[in-house]
Amino acid sequence: PVIKAFMKEVGREKTLQILEPIIQSLAREAGANLAKVVGGNSIEHFVKGMTYWTLEDALRLDILEQTQKKFIFHVTRCRYADMYKDLGVPELGVLLSCNRDKALIEGFNPKIKFTRTKTIMEGQPYCDFVYELED
């Protein structure tokens, strides 16, 4: 409701322009905090931290590859996308949730490269996540 009110007052584009750097900064901080909570910043540590996001079936993952240098998976169900849809603001899900992923891993470990080309929030059947440790 707060974001909708800002959109009504200052416009959609201006609201999103204001929110994006704030969301990115918060995500980087969350990534750094996650590394502290799980006791390190390797891909193995990141996988350990993923348990927080999958609680209560919030995300369903199809893990395709998991090594010390790569973690590749698809999200086949996303209750976060369902929540934004139920709230009547599915377009905000990309900004407030999906766009956090790259910044979060930057805060967790800037040597881990993140790639994603599809999201459920944008109408795709799954989200494709690739985390790869750079040499």
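Structure: above.
Conventions used here
Residues numbered from 1 in each chain as written. Predicted model: local features only at pLDDT ≥ 70, side-chain atom pairs only at ≥ 80, totals over all residues. Heavy atoms only, no water. Helix = DSSP H or I, 4+ residues; strand = E, 2+ residues; numbered from the N terminus. Buried < 20%, exposed > 50% of the residue type's maximum accessible area, 1.4 Å probe, protein only. Pairing = 2+ DSSP bridges.

Q: Tell me about unusual backbone geometry, residues and numbers included.
A: Backbone geometry at Glu 56 places phi at a positive 55°, although glycine is not the residue there. Within the secondary structure, Glu 56 is located in the loop between helix H3 (43-49) and strand E1 (59-66). Glu 56 sits in the exposed class, given a relative accessible area of 70%. One non-glycine residue, Asp 57, lies in the positive phi region at around 60°. Checked against the element boundaries, Asp 57 lands in the loop between H3 and E1. We classify Asp 57 as partly exposed; its relative accessible area is 31%.

Q: I'd like a description of the pairing of strand E3 (residues 112-115), backed by residues and values.
A: The alternating pattern of E3 places Ile 112 and Phe 114 on a buried face and Lys 113 and Thr 115 on a face that is not buried. Pairing analysis gives four bridges linking E3 to strand E4 (residues 127-133), with the strands arranged antiparallel. Bridged to Thr 115 within E4 is Val 130.

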